[in-house]
Amino acid sequence: QHRQCHARKNYSSLLESSVNVGDAATDSTDSVDNDNNIGSTSTKKKKRMAILLCPAQFCVPLDYTELLTTIQSSSNNDNVEIVATRVAPLPRTEWIKVAKQLPTKDFVDANLSVKKTLDWYFDAMEVGLAELWAEGGEDCEICVMGHSIGGWVARAYLGGLSG
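Because the structure is predicted, anything quoted here is derived from the model rather than measured.

**Q** Account for the nonpolar core, with residues named and values stated.
**A** Counting residues in hydrophobic clusters, the biggest one holds 23 residues, and the most contacted among them are Ala-50, Leu-52, Tyr-121, Phe-122, Met-125 and Ile-142. For this core, the secondary structure elements donating two or more residues are β3 (47-54), β4 (80-87), α5 (114-136) and α6 (149-158). Broken down by element, this core gets its largest block of residues, 9 residues, from α5. Excluding anything up to four places from it in sequence, Tyr-121 contacts Cys-54, Pro-55, Leu-90, Trp-95, Gly-150 and Val-153. One finds Met-49, Ala-56, Cys-59 and Leu-68 within the second-largest nonpolar core, a separate group that totals 11 residues.

**Q** Any chance you could break down the pattern of salt bridges for me, citing the residues and the numbers?
**A** Overall, the coordinates contain 6 salt bridges when judged by the stated rule. For Asp-139, the salt bridge is made with Arg-48, and the minimal N-O distance between the two is 3.0 Å. Of this pair, Asp-139 sits in the loop between α5 and β5 (141-146) while Arg-48 sits in strand β3, placing them 91 residues apart in sequence. Overall, the relative accessible area of 48% leaves Asp-139 in the partly exposed class. Note on Arg-48: relative accessible area 26%, which makes it partly exposed. Here Arg-92 and Asp-63 are joined by a salt bridge, their closest N and O atoms 3.2 Å apart. Here Arg-92 is found in the loop between β4 and α3 (96-99), whereas its partner Asp-63 is found in the loop between β3 and α2 (65-73), with 29 residues between them in sequence. Through salt bridges with shared partners, one network takes in Arg-86, Glu-131 and Glu-135.

**Q** Before we move on, could you go through the side chain of Lys-97 and cite the residues and values that matter?
**A** As for its placement among the helices and strands, Lys-97 is situated in helix α3. Overall, Lys-97 belongs to the buried group, its relative accessible area being 16%. At a separation of 3.0 Å, a polar atom in the side chain of Lys-97 contacts the side chain of Glu-94.

**Q** A description of a nonpolar patch on the surface should follow, citing residues and the corresponding values.
**A** Taken together, the side chains of Leu-102, Phe-107, Val-108 and Leu-112 define a hydrophobic patch exposed on the protein surface, amounting to about 360 Å² of accessible area. With respect to the helices and strands, Val-108 occurs in helix α4 (residues 105-108).

**Q** Explain the pairing of β3 residue by residue, including any values.
**A** If a strand is regular, its side chains alternate between the two faces of the sheet. Within β3, 6 of the 8 residues are buried, leaving the element largely enclosed by the surrounding structure. For β3 and β4, the ladder comprises 7 bridges, and the chain directions are parallel. Directly across from Leu-52, in β4, lies its bridge partner Arg-86. In this structure, β3 lies alongside β5, joined through 6 bridges in parallel fashion. In the sheet register, Met-49 faces β5, and the bridge partner there is Glu-141.

**Q** Provide a residue-level description of the sheet that holds β5, including the pertinent values.
**A** If you walk across this open sheet you meet the 3 strands as β4-β3-β5, and the pairing is parallel. Each edge of the sheet is formed by a strand with only one pairing partner; in this case those strands are β4 and β5. Averaged over all pairs of adjacent strands, the angle between strand axes in this sheet comes to 25°, irrespective of strand direction. Taken strand by strand, α2 contacts β3, β4 and β5, and its axis lies near 170° from that of β4.

So, how was this worked out
- Residues numbered from 1 in each chain as written.
- Predicted model: local features only at pLDDT ≥ 70, side-chain atom pairs only at ≥ 80, totals over all residues.
- Heavy atoms only, no water.
- Core = buried A, V, L, I, M, F, W, Y, C linked by side-chain atoms within 4.5 Å.
- Buried < 20%, exposed > 50% of the residue type's maximum accessible area, 1.4 Å probe, protein only.
- Helix = DSSP H or I, 4+ residues; strand = E, 2+ residues; numbered from the N terminus.
- Contact = heavy atoms within 4.5 Å.
- Salt bridge = Lys/Arg side-chain N within 4 Å of Asp/Glu carboxyl O.
- Polar contact = N/O pair within 3.5 Å; in protein donor to acceptor, adjacent residues only side chain to side chain.
- Patch = residues over 30% accessible without salt bridge, like charges linked within 9 Å, V, L, I, M, F, W, Y side chains within 5 Å.
- Areas by Shrake-Rupley, 256 points an atom, 1.4 Å probe, with all protein chains shown as cover.
- Pairing = 2+ DSSP bridges.
- Axes fitted to C-alpha atoms, helices over the stretch in contact; angles between N-to-C directions.

This is the structure:
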């Protein structure tokens with residue numbers, strides 16, 4: 001049974017504010033060398049990033065294992081540390097929920113509500129985001145990636161169409 005998410009946490013605002021977290025990643029600190037001379041050295045703090053992947057139609061997290069493993073293993077550079085990766089947890093069967101909108105007047109009139117049609121997908125994104133922040137901390141930046149229709153859904157979510 002599908003539940004309506006009336007208490008949806010608005011992660012969109014957290015995502016918008018997290019975009020600027022990495023901008024302050026470079027700072028200058030005072031250090032003391034072996035001769036006890038105080039000098040200024042520039043240190044670069046790695047940007048902490050977590051990735052949420054919004055899957056394509058009928059795709060599940062298992063379908064993206066190799067991709068996320070590759071992303072995580074290739075993040076060994078001086079600027080970015082990938083602290084967590086997740087795929088929005090959608091079973092293949094969830095997509096049948098789109099079909100309930102097909103025999104409606106709103107569908108025929110090309111007037112479907114994004115929120116009403118995709119609330120189940122937005123709920124899965126919320127679960128994924130909560131897991132990412134639980135693992136990576138609320139100070140990490142979030143990179144939202146979308147595959148196929150997952151990109152459209154991600155843009156709708158980030159644009160505030162999730163309600």
